[in-house]
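Geometric and topological summary
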Amino acid sequence: MHPYPSPQLEDSFGRRFPYLRLSILDACNFRCSYCLPNGYRAKDGRGKYLDVQEIQRLVSAFARLGMRKLRITGGEPSLRRDLPELISVAAEATGVENVGLTTNGATLHRHLNRWIDAGLTALNVSVDALCPERFERITGHAGLEMLLDAIDQALDSPLRSVKINAVLLRDLNDDQLPKWLEYLRDRNVTVRFIELMQTGDNLEYFQRHHYRAQVLESHLVKEGWQLLDRATDAGPAREYQHRDFRGRIGIIAPYSANFCAGCNRLRVTANGDLRLCLFGETGVPLRPLLQSDDQFSALQATLIRQLGLKRAGHSLHAGETGLIQHFASIGG
Ligand code: SAM
Ligand code: SF4
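Owing to the predicted nature of the structure, the values given are computational and were not obtained by experimental measurement.

A few words now on the site of ligand 1. Lining the immediate surroundings of ligand 1 are 18 residues, of which Y34, G75, E76, S126 and M197 lie closest. At 2.9 Å, a backbone N or O of M197 approaches a nitrogen atom of ligand 1. Protein contact buries 96% of the 550 Å² of open area that ligand 1 shows by itself. For the shell around ligand 1, the secondary structure elements donating two or more residues are β3 (98–103), β5 (161–168) and β6 (190–195).

Below, the structure written as C-alpha cells:
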C-alpha cells in the first residue's frame, strides 16, 4: 500500500505514469555515431543543470502523484560528481520504489558499489557491439573489455535489474547476433535491441544505418525465441526467452504500431523542462516551481494540467522528430 494512493498522473487517454526519466546533464564523454558523432559541444546551458535540492523537490512532487520508478540518464550521468547524492535523494523520496541509471559504463568498475550503497536498484548499460574494434568505431571509446567485466560485477551485485542496451545499426553491428547469443547463453541478463530513431541531427545517418527491429524479431521467433507476457507496468520492450539461453532479448521498436499505446513515462531535461513525449514539440519549464518547498502544490497542479495535454502518440513515421536534436539532450 502506497502512502499516497491518489491523485494519480493520468492523461486523457487513461494512461498512467509511474515512470520518470530524468536527465541530469547533457554532456558526454563518448561520441556515439548516432548521438554525438562530434562529441559534446557545450552550449550556453552549461552549468545550469538542476541541483540536488531542485531534484529533490521534483522527485517528491512526481512521487506524490504516483511516480514509482525514476531513471537517471543524460548525456552521461556518471560525469556528475554529485551522482551518488542524487541517487540517494531519489531513493529516499516517499513512494519511490526503484531508482535506475542508464550509463555508457565507462566508470562503472570504479563507481558501482557507491551507487548501490546510495540506493540504486536498476542499471542499464549501453553496449552497441561485442567486438572491441566495432565498439570503438561506434562509440569513439576503447575499453570494451573493462566494461564487460564491470557488467559481470553488476550481475553479481544486489541490484534488482541489470540490462544492456544496443542500438541496431545496419552495416555497423547487424552481424553481432551470434556473439550476443554466446554472451546470453549463461548470463542472467536482458539485452535490449533498440531500433535507431531519427532525430533532428541524424537524418543522413538514419537513412544509411536504420535497421528494422522487426527483421531481427522475425529471425528470433524462427529460431525458437518466445515472447514473454508483458507485465502491466513494463516498459516499451517486447521481451523474448529461449530454453537454451539463460539471458533474454528485448526488442524496442518505436516505429511499430501501438508503440505509444503503452506509454507510461514522462521526461524531464537536465535544466528542468517537462517533456510529455520524447518526440514532442514543447517543453514546459518546471524550474521556476522548484525554488522553494512552498511551491509544492503549484508544481503538482502544473504536472496534472500538463498531462491533460499529452498527445496519443508521436509522428516519427512522418519524420517529425519534435524538439530533439540528439538523445544526449534528453536522455532517450
Ligand atoms: N549516455 C548514456 C548511455 O548511452 O547509456 C545515457 C544516455 S543515452 C542518450 C540513452 C540511450 O539512448 C542509450 O542506450 C543510447 O544507445 C540510446 N540512443 C541514443 N541515440 C539514439 C537514437 N538515435 N536512436 C535510438 N537510441 C538512441
Ligand atoms: Fe553519450 Fe549515451 Fe549519446 Fe553515446 S548514446 S554519445 S554515451 S549520451
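A separate point is the sheet that holds strand β4 (residues 122–126). Overall, mixed pairing links the 12 strands, which are arranged β7-β8-β9-β6-β5-β4-β3-β2-β1-β10-β11-β12 in an open sheet. The open sheet has two free edges, formed respectively by β7 (226–227) and β12 (284–285), since each of these has just one partner strand. Pairing of strand β1 (residues 19–23) with strand β2 (residues 69–73), which is carried by 5 bridges, proceeds in the parallel orientation. Bridged to S23 within β2 is T73.

Attention now goes to the nonpolar core. F62, V127, I151 and F193 are the most contacted members of the largest nonpolar core, which has 105 residues in total. If we ignore the near neighbours within four places in the chain, the residues touching V127 are F135, L144, L147, L148, I151, I164, N165, A166 and W180.

What follows deals with the site of ligand 2. As a structural note, the neighbourhood of ligand 2 is formed by C28, F30, C32, Y34, C35, L36, G75, N104 and A328. Partitioning the shell around ligand 2 into residue classes produces 7 nonpolar, 2 polar and no charged.

Unlike most non-glycine residues, D171 shows phi in positive territory, near 70 degrees. Mapped onto the elements of the fold, D171 is located in the loop between β5 and α6 (177–185).

Further remarks concern the environment of G332. By the secondary structure assignment, G332 is in the segment after α9 (296–307). Expressed as a C-alpha distance, the spacing of G332 and L144, which sit 188 residues apart in the sequence, is 22 Å. When residues no more than four places from it in sequence are discounted, the contact partners of G332 are R21, R267, L278 and F327.

This part takes up the packing of aromatic side chains. A ring pair, where both rings are aromatic, is described by two values, the distance of the centres and the angle of the planes. Applying the stated rule across the entire model yields 4 aromatic pairs. Geometrically, the ring pair formed by F206 and Y255 is tilted, given 6.0 Å between the ring centres and 40 degrees between the ring planes. Here F206 is found in helix α7 (residues 203–209), whereas its partner Y255 is found in the loop between β9 (248–252) and β10 (265–268), with 49 residues between them in sequence. Comparing F206 with Y255 shows no difference in burial state: the two are buried. Looking at K69, its charged tip hangs above the ring of Y19, at a distance of 5.4 Å from the centre. Lying across the ring of Y183, R187 places its NZ or CZ 4.1 Å from the centre.

Moving on to the packing of helix α2 (residues 83–92) against helix α3 (residues 108–118). Put simply, α2 and α3 touch, their axes get as near as 8 Å, and they point 25 degrees apart. Taken together, the axes of α2 and α3 lie roughly parallel to each other. The two elements α2 and α3 cross, and the hand of that crossing is right-handed. In this structure, α2 contributes L83, P84, I87, S88 and A91 to the contact, and α3 contributes R114, W115 and A118. Looking at the contact of α2 with α3 residue by residue, the classes come out as 6 nonpolar, 1 polar and 1 charged.

Mapping H209 onto the fold places it in helix α7. The buried category is assigned to H209, whose relative accessible area is 8%.

On the secondary structure map, V125 appears in strand β4. In the structure, V125 is positioned 38 residues away from K163 in sequence and 6.4 Å away in space, judged by C-alpha atoms. Look past the residues within four positions of V125 in its chain and what remains in contact with it is T103, N104, G105, L108, L147, I151, K163, I164 and N165.

For the rest of this paragraph, the subject is α2. The periodicity of an α-helix, 3.6 residues per turn, causes residues three or four places apart in sequence to face the same way. The element α2 is largely enclosed, with a buried count of 7 among its 10 residues. For α2, every residue scored as buried is listed here: L83, P84, L86, I87, S88, V89 and A90.

So, about the pattern of salt bridges. With the rule as written, the count across this model stands at 10 salt bridges. Put simply, R16 and E10 hold a salt bridge, and the shortest N to O gap is 3.0 Å. Look at E10 and you get partly exposed, because its relative accessible area is 37%. A salt bridge links R57 to D293; its shortest N-O distance comes to 2.8 Å.

Here we come to the side chain of Q176. Within the secondary structure layout, Q176 lies in the loop between β5 and α6. Separated by 3.3 Å, the side chains of Q176 and D175 make a polar contact. Leaving out residues up to four positions away in the same chain, Q176 has contacts with A129, L130, C131 and R134.

How each quantity is defined
Residues numbered from 1 in each chain as written. Chains lettered and ligands numbered in written order. Predicted model: local features only at pLDDT ≥ 70, side-chain atom pairs only at ≥ 80, totals over all residues. Heavy atoms only, no water. Near = heavy atom within 4 Å. Polar contact = N/O pair within 3.5 Å; in protein donor to acceptor, adjacent residues only side chain to side chain. Areas by Shrake-Rupley, 256 points an atom, 1.4 Å probe, with all protein chains shown as cover. Helix = DSSP H or I, 4+ residues; strand = E, 2+ residues; numbered from the N terminus. Pairing = 2+ DSSP bridges. Core = buried A, V, L, I, M, F, W, Y, C linked by side-chain atoms within 4.5 Å. Buried < 20%, exposed > 50% of the residue type's maximum accessible area, 1.4 Å probe, protein only. Contact = heavy atoms within 4.5 Å. Nonpolar A, V, L, I, M, F, W, Y, C, P; charged D, E, K, R; others polar. Phe/Tyr/Trp six-rings, centres within 6.5 Å; stacked < 30°, edge-to-face > 60°. Lys NZ or Arg CZ within 6 Å of the ring centre and 35° of its normal. Axes fitted to C-alpha atoms, helices over the stretch in contact; angles between N-to-C directions. Parallel < 35°, antiparallel > 145°, perpendicular 65-115°, else oblique. Left-handed = near helix turned anticlockwise from the far one by under 90°. Salt bridge = Lys/Arg side-chain N within 4 Å of Asp/Glu carboxyl O.

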